[in-house]
Structures are given as C-alpha cells and as structure tokens.
Amino acid sequence: MHVSTRVWTDGRSALVWHSSGRYSLDRDGDVVREGPWTPKILALNSVGEDVLEEDRSYEAAACYRDRIAEIRNATLHIGARSVPLNGDAEPIAWPRELFWREERAARWAASSTFVGPFSLTSSPFGLGVGAAGSGHVVVVRDEGEPWSARVPHAIRGRESPAMISTLPTADGAVITLCTMGARRRRAALVFAGANHVQRWPPTECALPVRQAPRLVCCGDQLLAAFGRRVLLFALPSLEEVASLELDHAVDDLCAVDGQVAIASHHSAYWARVEGTAIVVERAWDLLNEPLPQKGTVSWEPEREDGPTNVEAAVQKAEAWSARKGETFTLKLRLRSIGRPGTALRIEASGPAIEEGHVTFTHASSESFEATFETVDGALRAELADVPIPQGYKRPVTPKPKNDVQKERAKELLEASRLDLVLQGTANNNGRALLKLQIGGLEASPFRWTRPFLVEE
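Sorry, what's going on with the overall build of the chain here?
Looking only at helices and strands, one finds 2 helices and 37 strands in the chain. When burial is assessed residue by residue, the chain has 49% of its 456 residues classed as buried. Counting contacts in the chain only where the partners sit at least 6 residues apart, residues at least 24 apart contribute 57% of the total. For the chain, the accessible area works out to roughly 22200 Å², and carbon and sulfur atoms hold 46% of it.

Set out below in structure tokens:
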C-alpha cells in the first residue's frame, strides 16, 4: 500500500520511513535519522529491508516469507508461483445494514474479471488481495487452493470503495472496506472463515478514516488503526478488547510478540499489548526530532547472509537416556547460521531407531508442533512455520570495544537462538547410537550422533 509513512519492527527496534527521512528508533530512546526519503511502495523483509527493485514501478507489492509478491497483469506472482486473478467467486454473506439499507441495495460484481485498484497484504498466514473496482477478494496460502469471494463494490452509485484490503488470519481472513461518500467516509471490518461471518462495528457509524485502515496480526488477535484510534480485536469474534487514541491519524503500524511500533506523519510510538490495554511506552516527534551527533550511530555486528539454517549452540548436553516404557524429551539448543526464515526439518535414525530401542513421536519449538513419520526407515518431522531468527557471525565481527557494545552483542546472539524439544518413548533395553539431522529446507542439516541408553 502506498502511504506517506511506513514502519517496521522486530520487537527491539523500529524503522520509520517518513517524508523527512528514514529513522532508526531504539526502545531506549535513541534515534538516528537518515534522509531524505521519497514516499513509495515498500515491501519489507524480516530484517526491515525493502526487497523491491529501485528502477521498477509496481502496481501492488508486498514481501511474503522474504520473497517478493506483486500483482502484474491481473496475476499475483510469488517467486516462481503465479496465481491468475480471475474466475467466478461467490458473494460473501455480507452483513445486512452494513453501509446500506434495504432500499439502497449494494451492487455486486457481475463478471469474473478482477478490476483494480488492487491492494496486496502480507501476514504470517498468507497473502490477501483486494480489488476495489470489482469487489473481489482473494487469500493465497502456502498450501491448498486460493480462496476467493466477492464483496459489495458500489452502493447505488452514491458511494464506492476507496479501498478493499484482505488480511489472512489463521482461520480465515479479515476484509476491510472503506467507502468514499459524498459527505463522509466510512469503514468497517468483516471476518470470514469456516462459514462464519462477523462484522465490526456492530452498528452503522461514521469513522474518522483518512485512508484505508491499517491491519496487522498480533498473535491470535488483530490490531487495526482507524484514523487516530488503534484498536485491538479478538478473533474471530471481532470483539473489541482494547483501544488507544493518539494525537494524529495513524499511517502505519507493525507488531511482533506484543510489541507495537506506530507511525503517523507527526509522530512515532513504541507501545505494547498488555492484557486488555495498549500501553504507549515512548513517543518521538518526527517533525522536530533533533539529528544525532556524528559518531552516535549504534554499533552492529555482521550478520550471516547464507541460506536459512541452524546448528547446535554451545550447551551442556545431558546424557541421552530413558527408562524402558516411559516417555522422554530431548531439549536441544540451536542457533541460526543464516538469514531469517521459517521451517525446521528433523530426522532421527541409527541403530537406536533401527533396533527398536526408542521411537520419536513429536517435535516442538515455541508454540509450533509436528509429529514424526517413518520415511525410508528413518523418523522425520517438519516444523513448517517455526520462525528461524537472523544469524550473526562467530566470533562477533567487528569485535565489541566497550560494555555497551558487548551487551548489544550478547542480546543479538541470544535472540539468534531457538529451542527444539523432541519427545519419544523408550521401548527396548540397550545402548545404541542415535543420529539426529536438523536443519532448514534450503541447506544441509547438521548431524549429531550420540549413544542413547534405555534401561529398566
């Protein structure tokens, strides 16, 4: 979406693209400004870098799993995958009395042709397309066929959508429709999924919307910015959980692990979601913020730039053993050795498996879990959605020179690690070698072979 201000965060720092320059904001209050910046479409990857080509114009673009996604010639392109934007789509069960009364019935697209302007929205659950000219919406996920539907695209000619956007969620999608009427602008959210449709607000009302509302997933909840208001919703009920009113209309927001970065033309904010409240921790004046003195730019260690992958982190590993007939867990500490991404593949093999001493049932990391399956005599599991953080070179380069830099290096290295838990059962007594292979999908796994002891 083309807006005058954009914001990105990893939960520890934030980047703001603003007409006065590009800002780097630290939760401790430090600010660095580079400039100038000309407003344009941005597609930001997992480390806040714009992946679009400088000398190209884009109709609609976003970044999904660090790949460029764009709409071109009525087709959604995601890397080598192409999804044509055409075909019949059923009208969604649009709630009555939303933007129109019975005597002012809505108009629905009559053809299978998708008409822009298009919006393209990325979330951890997929890509969402909105076609304001024809009222089509589409959700594209990693697996399965795209889901498409139609929403009203005009109301008796008096009002027409200024923007239709679609945000994929875990169990469906949130559709935003913002109308441009002769006397007022209106906007609303509709959740659609699993034959369930829910709307917000519960009654017809005018909202202070300067542009299409901005939406972002926040765990299993939804954050939305309507004018100066930032609202937190439960999903799929769209029950309003918390709200925050700021001094100026919000241009953009971004959330990671409950940490929220918010930006308007005037200000930027650090906030956090805390229970039933959105709490602002810090604010910056983007129009009057003084430039930092020369030499105060934060020190940063070099990042790994290879494919997303992991290896065993330095750890004190306990002996691999279990009692016969009992379940056991292996807790493994991993560290990223490449670019950020998603997905871990785990394989267990060796005499301990082949001779029936142990078997593995589940693998988990954070809130993600997968079951093991037998493939060619080995046990395999894939955590397709588990996030792999950015890796940093070891030893740290450039070497930290003071306590502040050492603390910064410690924080980044800790953030580059992740925990993997393997769960299994011990079957037959004996001591045999167990071989684990763990890695990303695009690089060779690391191998870890140790004896596993099963005893009474």
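Quick question: what am I supposed to make of the pairing of strand E26 (residues 277–285) here?
A regular strand places its side chains on the two faces of the sheet in alternate fashion. When strand E25 (residues 267–274) meets E26, the two strands line up antiparallel, connected through 8 bridges. Note that in E26 the partner of alanine 271 across the bridge is valine 280. If you look at the hairpin formed by E25 and E26, you'll find 2 residues sitting between the two strands, and glycine 275 has a positive phi there, around 65 degrees.

Can you help me understand the environment of proline 400 in this one?
Along the polypeptide, proline 400 turns up in the loop between strand E34 (378–388) and helix H2 (403–415). A C-alpha to C-alpha distance of 9.0 Å links proline 400 and glutamate 300, two positions 100 residues apart in sequence.

What should I look at first to understand the environment of histidine 357 in this one?
Tracing the sequence through the fold places histidine 357 in the loop between helix H1 (351–354) and strand E31 (358–365). Separated by 72 residues in sequence, histidine 357 and asparagine 429 have C-alpha atoms that sit 6.4 Å apart. A distance of 3.2 Å separates a polar side-chain atom of histidine 357 from the backbone oxygen of asparagine 429.

For this particular structure, what's the right way to read the pattern of salt bridges?
Should the charged atoms of two oppositely charged side chains come close, the side chains can pair. A complete count under the given rule lists 18 salt bridges for this structure. Ionic pairing is found between arginine 72 and glutamate 70, a salt bridge with its closest N-O pair at 2.7 Å. We classify arginine 72 as partly exposed; its relative accessible area is 32%. A relative accessible area of 7% places glutamate 70 in the buried class. Note that arginine 272 is salt-bridged to glutamate 274, the shortest N-O span being 2.6 Å. For glutamate 274, a relative accessible area of 42% puts it in the partly exposed group.

Honestly, the sheet that holds strand E30 (residues 341–349) in this entry has me stumped. Any pointers?
Where strands meet in a sheet, backbone hydrogen bonds hold them as pairs that are either parallel or antiparallel. The strand order across the open sheet formed by 6 strands is E28-E37-E36-E30-E34-E33, and the pairing between neighbours is mixed. What marks the edges here is a single partner per strand, and that holds for strand E28 (320–323) and strand E33 (373–375). Pairwise comparison of adjacent strand axes, ignoring direction, gives a mean angle of 30 degrees for this sheet. Bridging between E33 and E34 involves 3 bridges; their strand directions are antiparallel. Residue valine 375 lies in a different strand from E34, and its bridge partner there is alanine 378.

Is there a simple way to think about the side chain of threonine 5 in this case?
As for its placement among the helices and strands, threonine 5 is situated in the segment before strand E1 (6–9). A polar contact is formed between the side chain of threonine 5 and the side chain of aspartate 251, at a distance of 3.1 Å. What threonine 5 contacts, discounting residues up to four positions off in sequence, is Val16, Trp17, His18, Asp251, Asp252, Ala263, Ser264 and His265.

So what exactly am I meant to see when it comes to the confidence of the model for the chain here?
Detailed reading of the predicted coordinates is not advisable wherever pLDDT is low. Considering every residue of the chain, the mean pLDDT works out to 83; 86% of them sit at 70 or more. The weakest mean pLDDT in the chain belongs to strand E14 (residues 154–155) at 63; the strongest belongs to strand E36 (residues 430–439) at 95.

Explain the packing of aromatic side chains to me, please; I cannot follow it from the model alone.
Geometry of an aromatic ring pair is reported as the spacing of the ring centres plus the angle between the planes. With the rule as written, the count across this model stands at 6 aromatic pairs. On the numbers, 4.9 Å between centres and 55 degrees between planes, the contact of phenylalanine 328 with phenylalanine 452 is tilted. Of this pair, phenylalanine 328 sits in strand E29 (residues 327–336) while phenylalanine 452 sits in strand E37 (residues 446–455); the two residues are 124 residues apart in sequence, bridging distant segments of the chain. By relative accessible area, which is 1% here, phenylalanine 452 ends up buried. Within the aromatic cluster, the residues linked to one another by ring pairs are Phe328, Phe360, Phe372 and Phe452. Between arginine 450 and the ring centre of tryptophan 320, over which it is positioned, the NZ or CZ distance is 5.1 Å.

Would you mind going over the nonpolar core with me for this structure?
A general tendency of soluble globular proteins is for nonpolar side chains to be buried together. Core analysis: the biggest nonpolar cluster contains 34 residues, and Leu344, Phe360, Leu422, Leu434 and Phe452 have the highest contact counts within it. Residue contributions to this core peak at 5 residues, all from E34. In contact with leucine 434, not counting residues within four places along its chain, are Trp320, Leu330, Ala348, Ser349, Ala352, Ile353, Phe360, Trp448, Thr449, Arg450 and Phe452. Ranked by size, the runner-up nonpolar core spans 18 residues in total, among them Val216, Cys218, Leu244 and Ala255.

Can you help me understand the sheet that holds strand E8 (residues 81–84) in this one?
An order of E5-E6-E7-E8 is seen for the 4 strands of this open sheet, with the pairing classed as antiparallel. Edge strands, defined here as strands with exactly one partner in the open sheet, are strand E5 (60–64) and E8. Taken pair by pair, the neighbouring strands of this sheet meet at an average axis angle of 20 degrees, ignoring direction. Bridging between E5 and strand E6 (residues 67–72) involves 5 bridges; their strand directions are antiparallel. Looking across to E6, one finds that cysteine 63 is bridged to isoleucine 68.

Rules behind the numbers
Residues numbered from 1 in each chain as written. Predicted model: local features only at pLDDT ≥ 70, side-chain atom pairs only at ≥ 80, totals over all residues. Heavy atoms only, no water. Helix = DSSP H or I, 4+ residues; strand = E, 2+ residues; numbered from the N terminus. Buried < 20%, exposed > 50% of the residue type's maximum accessible area, 1.4 Å probe, protein only. Contact = heavy atoms within 4.5 Å. Areas by Shrake-Rupley, 256 points an atom, 1.4 Å probe, with all protein chains shown as cover. Pairing = 2+ DSSP bridges. Polar contact = N/O pair within 3.5 Å; in protein donor to acceptor, adjacent residues only side chain to side chain. Salt bridge = Lys/Arg side-chain N within 4 Å of Asp/Glu carboxyl O. Axes fitted to C-alpha atoms, helices over the stretch in contact; angles between N-to-C directions. pLDDT = per-residue confidence, 0-100. Phe/Tyr/Trp six-rings, centres within 6.5 Å; stacked < 30°, edge-to-face > 60°. Lys NZ or Arg CZ within 6 Å of the ring centre and 35° of its normal. Core = buried A, V, L, I, M, F, W, Y, C linked by side-chain atoms within 4.5 Å.

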